[in-house]
Amino acid sequence: MSAIFGVLRFDDAAVARGDLERMGNVLAHHAVHRRAIAVGGAVGFGHCLTRVNREDRFEAQPLSGGNGRIMLVADLRLDNREGLAQTLGIAPAALRDMPDSELVLRAYGKWGGDCASRLLGDFAFALWDAAAGKLILGRDHMGQRAVHYYLGPDFLAFATEIKALWALAGVPRQLSVEHVGRYLMWEMRPRGSTTAYESIRGIPGGSTLTVGLDRSVRARRYWEPGPAPEHAGRDEAYYTQAYRDVLGEAVACRLRRLLDPPALCHGGGFDSSAIAGLAGPALAESGRKLIAVSCVMPEDYKGPLRHPRRWVEMCRRHMPHLDVRYFIRRGETIFTDMEKLFHASDYPMRGPNFLHDAMFGMAATAGARLVMDGIGGDDTINPRGDGLLAHLLKTGRFGRFLREFAAYRRATGATFLGTLKRQVVVRLLPAATLRWWNVARNGFRPSHADMAIAPDFAARLFATGAADRDEVGFAVVLPSLRELSLRALRRGIEWPRRRLTNEAAIHGLSMTRPFLDKRVVELGLAVPEDLYGKNGRNRHLVRRALADLYPPEFQTRDNIADPLLPDQIDMLRSELPRLRAEADRLSRDPALAHYIDFGKLRRMLEETGDGRRAAERLTRAARGVMAARYIAWFEGRNIV
């Protein structure tokens, strides 16, 4: 993953080269192969290059065009190189030695500010048009690459990572109090283009931002997630083949031009295993293997914890192109390298980030420059399909409803009443009742009262609309699976960056997610909900489409995902003494009491017990401690 950065001044002053140098120093981990800057009066751009694909060998950004009137920097991988070249009149021989950035420059020459909608792939770019006196920032459809910016009275600064903006005098380095509150309550609904920091914003996916020398700002959304017309109203045979073709192409586009072997965070589930299987044909020509990194329990483990070793081993036997590497926790905890990962992330941590750090490290050590995971499958073409029975009943397919009801019971062993209650009645209730049921079933109440946020602070957030009670604890339940998918996808493109991209970058890795490819999204939203399950089993489409690529056992496996870190609760319990000590230490800072109810936090950490409710409470308490640690670290508080 490369990085871009730059400054546009509004006050007739020239951009200082030293400012760009400092920004580049912050992003030096992206500059595995090259770093360069260019200054042209009121504008200055910088680029940090990590070569991932063959065409990256020809990158020499910042790029200049239009007789010097245009300057461009981009972090990108274009999947429609050949199509663009044909449209732009570029001969195949010339395209062979042409970097992706040159294609973007020529696309702007033909289509102007609309060029972003013509690009396909993962990209973020900044383009200065001196003749028009405007800067254009753009981001790919699903926001797999990022660009953040600060707009001040005298200048605009942009960068791939937020921390590079703080290299400039005049850019405020201040936490957003509202974001901290929402984080503490697990209420993480995006609020426009805001970030965790005051005055710093991000470009949403599928959008461009145009800024003029007069400080005028125009945001434009060029794409929204929705079904592609060519996929609408087809039959099951069509969707089965389209699944194979579209996801296969999305995977192949990420692999076929690589300079180094690729890696996959392999959780053993349907999503990551689909990528693993489809990678085989794409890697056959190069003879490379796919480095598959998984977090598992030790080989001799016989306990009750679910973990993916069994399924990964099945994939290894069925997919000879996999090079499997296992990470087994050997004493690491949430405190392991915590401040290093705070710095890398630019955000408070949302879980055991040491796990991803270790897995990324293993992938990089094995020689990878690109890493994938299965994030996005549930919201696109691998929906879990638990609402199928209710959907069939609501839409009047009574015959199929009865057949699927019986098949579901045979496949799962569920009782008649249990199936009727969980798969039908609950999913036909009003949304408010559904939310209540979700709370009751999970055994805890996702309310701010169950979290370590200071009550007065929470009340102010609700009163001002900065937080939404119905969003606390990810408790929203929608009756339609399609509505859930659309909601998740629309919110996903609002996030300023995709989670774990920064964390992968410190290991020289470019993170990409095939299930969040525009083509996959548009296919997934066209698949009828009737095909989310069949014959009593969900994930019907992927089981059928990839029957020859999956191990045979995938045809009858359950739909329960193995946890990312199998022994996470055991880890937290082992760290209870340190968590309590940290809570006591941090409580001595009166400024932190504005955010954290340390009395409640201590009580949460004193409770013990087994079961789902106790585990959830411990997880929320640990999140409170991590949030306090992040605030103290970010604000430079030395608390004795």
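Refer to the structure presented above.
These numbers come from a predicted model, not from an experiment.

S.K.: Please clarify how the overall build of the chain should be interpreted in this entry.
M.R.: Counting its secondary structure elements, the chain contains 24 helices and 19 strands. For 640 residues, the compact-globule estimate of 2.2 N^0.38 gives 26 Å, and the chain sits close to it at 25 Å. Taken along the three principal axes of its C-alpha coordinates, the chain extends 75 × 65 × 50 Å. A total of 640 residues make up the chain; the buried ones form 59% of that total. Look at the contacts in the chain between residues 6 or more apart in sequence, and 72% of them connect residues 24 or more apart. Summed over all atoms, the accessible surface of the chain reaches about 24,800 Å², with 51% contributed by carbon and sulfur. Across the chain, the 93 positively charged side chains and the 74 negatively charged ones have centroids separated by 3 Å.

S.K.: I keep staring at a nonpolar patch on the surface and nothing clicks. Help me out?
M.R.: There is a patch of nonpolar side chains on the surface, built from Phe-416, Leu-417, Leu-420, Val-425 and Leu-429 and spanning about 430 Å² of accessible area. What makes Val-425 partly exposed here is its relative accessible area of 40%.

S.K.: Sorry, what's going on with the pattern of salt bridges here?
M.R.: Side-chain pairing between opposite charges can occur once the charged atoms of the two side chains come close. Applying the stated criterion across every chain, the model contains 48 salt bridges. Linking Asp-548 and Arg-244 is a salt bridge whose minimum nitrogen-to-oxygen distance equals 2.7 Å. Placement of Asp-548 in the loop between α20 (540-545) and α21 (568-574) and of Arg-244 in helix α7 (residues 236-255) is noted, with a sequence separation of 304 residues between them. Overall, Arg-244 belongs to the partly exposed group, its relative accessible area being 26%. Bridged by salt links that share partners, the residues Arg-77, Asp-79, Asp-122, Arg-254, Asp-517 and Arg-519 form one connected network.

S.K.: Can you help me understand unusual backbone geometry in this one?
M.R.: Peptide bonds are trans in most cases, and residues, glycine excluded, mostly fall at negative phi. Of note, the amide linkage connecting Gln-61 to Pro-62 takes the cis form, showing an omega dihedral of 0°. A positive phi angle is found at Asp-12, which is not glycine, with a value near 70°. Within the secondary structure, Asp-12 sits in the loop between β1 (3-9) and α1 (17-26).

S.K.: Help me understand the sheet that holds strand β3 (residues 43-49), please; the structure alone is not making it clear to me.
M.R.: Where strands meet in a sheet, backbone hydrogen bonds hold them as pairs that are either parallel or antiparallel. Reading across the sheet, the 6 strands line up as β2-β3-β1-β9-β8-β10 and stay open at both edges, with antiparallel pairing between neighbours. A strand with exactly one partner marks an edge of an open sheet, and here the two such strands are β2 (34-40) and β10 (200-202). The average undirected angle you get between the axes of adjacent strands in this sheet is 15°. Two strands pair when backbone bridges link them, and β1 and β3 are joined in this way by 6 bridges, in the antiparallel orientation. Looking at the pairing, Ala-3 lines up with Cys-48 of β3. Sheet contacts for α1: β1, β2, β3 and β9 (155-159); angle to β2, the most-contacted strand, approximately 155°.

S.K.: How should the sheet that holds strand β12 (residues 217-221) be read in this particular structure?
M.R.: On the basis of which strands lie adjacent, the open sheet formed by 6 strands has the order β4-β5-β6-β7-β11-β12 and antiparallel pairing. With partners counted over all chains shown, the strands left at the sheet margins are β4 (63-65) and β12, one partner each. Pairs of neighbouring strands in the sheet enclose a mean axial angle of 20°, with direction left out of account. Both strand β5 (residues 70-78) and strand β6 (residues 121-129) contribute to a ladder of 9 bridges, which runs antiparallel. Within β6, the residue paired with Ala-74 across the bridge is Phe-125.

S.K.: Any chance you could explain the side chain of Ser-193 here in plain terms?
M.R.: Within the secondary structure layout, Ser-193 lies in the loop between α6 (177-184) and β10. Engagement of the side chain of Ser-193 in a polar contact is seen with the side chain of Arg-201, the distance being 2.9 Å. Residue contacts for Ser-193: discarding those within four places in its chain leaves Tyr-149, Ile-200, Arg-201, Gly-202, Pro-204 and Pro-496.

S.K.: What's the story with the pairing of strand β15 (residues 322-327) in this structure? I'm lost.
M.R.: Each regular strand carries side chains that alternate between the two faces of the sheet. One ladder, built from 6 bridges, connects strand β14 (residues 290-295) with β15; its direction is parallel. Its bridge partner lying in β15, Ser-294 is registered against Tyr-326. Considered for its hand, the β-α-β crossover made up of β14, helix α9 (residues 309-318) and β15 is right-handed.

S.K.: Teacher, can you tell me more about α9 here?
M.R.: Each α-helix turn comprises 3.6 residues. Residues three or four places apart therefore point the same way. Among all positions of α9, only Arg-309, Trp-311, Val-312, Met-314 and Cys-315 are buried. Buried positions along α9 lie against α8 (270-284), β14 and β15.

Conventions adopted
Residues numbered from 1 in each chain as written. Predicted model: local features only at pLDDT ≥ 70, side-chain atom pairs only at ≥ 80, totals over all residues. Heavy atoms only, no water. Helix = DSSP H or I, 4+ residues; strand = E, 2+ residues; numbered from the N terminus. Rg over C-alpha atoms; globule rule 2.2 N^0.38 Å. Buried < 20%, exposed > 50% of the residue type's maximum accessible area, 1.4 Å probe, protein only. Contact = heavy atoms within 4.5 Å. Areas by Shrake-Rupley, 256 points an atom, 1.4 Å probe, with all protein chains shown as cover. Lys, Arg positive; Asp, Glu negative; His and termini not counted. Charge placed at Lys NZ, Arg CZ, Asp CG, Glu CD. Patch = residues over 30% accessible without salt bridge, like charges linked within 9 Å, V, L, I, M, F, W, Y side chains within 5 Å. Salt bridge = Lys/Arg side-chain N within 4 Å of Asp/Glu carboxyl O. Pairing = 2+ DSSP bridges. Axes fitted to C-alpha atoms, helices over the stretch in contact; angles between N-to-C directions. Polar contact = N/O pair within 3.5 Å; in protein donor to acceptor, adjacent residues only side chain to side chain. Right-handed = clockwise from strand over helix to strand, strands pointing away.

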